[in-house]
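Each chain, written out:
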Amino acid sequence: NNLDFQKIFKEYYNPLVNFINYYLNNIDDSKEVVQNVFFKLWENKESLNVRISFKSYIYQSAKNTMIDYIRANKKHKGHTDVDTELIQRLSLIHI
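Residues numbered from 1 in each chain as written. Predicted model: local features only at pLDDT ≥ 70, side-chain atom pairs only at ≥ 80, totals over all residues. Heavy atoms only, no water.

*Asks:* I'd like a description of the overall build of the protein chain, backed by residues and values.
*Replies:* For the protein chain, the helix and strand inventory stands at four helices and zero strands. Beginning at the N terminus, the succession of helices and strands in the protein chain can be written as α-α-α-α. For the protein chain, the proportion of its 95 residues judged to be buried stands at 33%. The contacts in the protein chain between residues at least 6 apart in sequence include a share of 61% that link residues at least 24 apart. Counting only carbon and sulfur atoms, one obtains 49% of the accessible surface of the protein chain, whose full area is about 6600 Å². (Helix = DSSP H or I, 4+ residues; strand = E, 2+ residues; numbered from the N terminus. Buried < 20%, exposed > 50% of the residue type's maximum accessible area, 1.4 Å probe, protein only. Contact = heavy atoms within 4.5 Å. Areas by Shrake-Rupley, 256 points an atom, 1.4 Å probe, with all protein chains shown as cover.)

This is the structure we're talking about:
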């Protein structure tokens, strides 16, 4: 319900922004990634089936959303191999 979602948002928004910003080093992009995480969470709230701790789930979701974000922006902004290397490093992170 809405109260649970608000509680989750308040608890995880800032830590997730900090986690994403550690890799992206851009606070606006980091906030956008985290907004996307919460948007997906809200969209799928009825069918959500978390089999691990919720914290692990949301951080894994944030990591995957960040990788998608980097890939999408790489196509539009002509980023270099630095993005490819970052994606490879992120893929190795186990949350």
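From this point, the discussion proceeds with the structure in view.
*Asks:* Go over the environment of E32, please, and point to the residues and values.
*Replies:* When you line up the elements, E32 lands in helix α2 (residues 27-43). Taking relative accessible area as the criterion, E32 reaches 37% and is therefore assigned partly exposed. On a C-alpha basis, the gap between E32 and Y69 in space is 9.1 Å, while along the polypeptide they are 37 residues apart.

*Asks:* Mind laying out the packing of aromatic side chains, listing which residues take part and the relevant values?
*Replies:* Tallied over the full model, the rule gives nine aromatic pairs. For the ring pair F5 and F38, a centre distance of 6.0 Å and an interplane angle of 90° mean the geometry is edge-to-face. Residue F5 is located in helix α1 (residues 2-24), and its partner F38 is located in helix α2; the two are separated by 33 residues in the primary sequence. Accessibility classification places F5 together with F38 in one group, the buried group. Taking the centre distance of 4.8 Å and the plane angle of 70° together, the rings of F5 and W42 count as edge-to-face. Of this pair, F5 sits in helix α1 while W42 sits in helix α2; the two residues are 37 residues apart in sequence, bridging distant segments of the chain. Put simply, the rings of F5, F9, Y13, F38 and W42 pair up and form one aromatic cluster. (Phe/Tyr/Trp six-rings, centres within 6.5 Å; stacked < 30°, edge-to-face > 60°.)

*Asks:* For unusual backbone geometry, give the residues involved together with the corresponding values.
*Replies:* Positive phi values are uncommon outside glycine, yet N25 reaches one of about 55°. Mapped onto the elements of the fold, N25 is located in the loop between α1 and α2. Residue class for N25 comes out exposed when judged on its relative accessible area of 67%.

*Asks:* Quick one: what's the story with α2, residue by residue and with numbers?
*Replies:* The terminal C-alpha atoms of α2, which comprises 17 residues, lie 24 Å apart, in line with the 24 Å expected from a rise of 1.5 Å per residue. Listed as buried for α2 are D29, S30, V33, V34, V37, F38 and L41. Capping of α2 at its N-terminal end is provided by N26; its side-chain oxygen lies 3.1 Å from the backbone amide nitrogen of D28. (Expected span 1.5 Å × (residues − 1). Polar contact = N/O pair within 3.5 Å; in protein donor to acceptor, adjacent residues only side chain to side chain.)

*Asks:* Quick rundown of the confidence of the model for the protein chain? Include the residues and the values.
*Replies:* Residue-level pLDDT values for the protein chain average 83, and 81% of them are 70 or greater. The element-level mean pLDDT for the protein chain is lowest in helix α4 (residues 81-91), coming to 67, with α2 highest at 94. (pLDDT = per-residue confidence, 0-100.)

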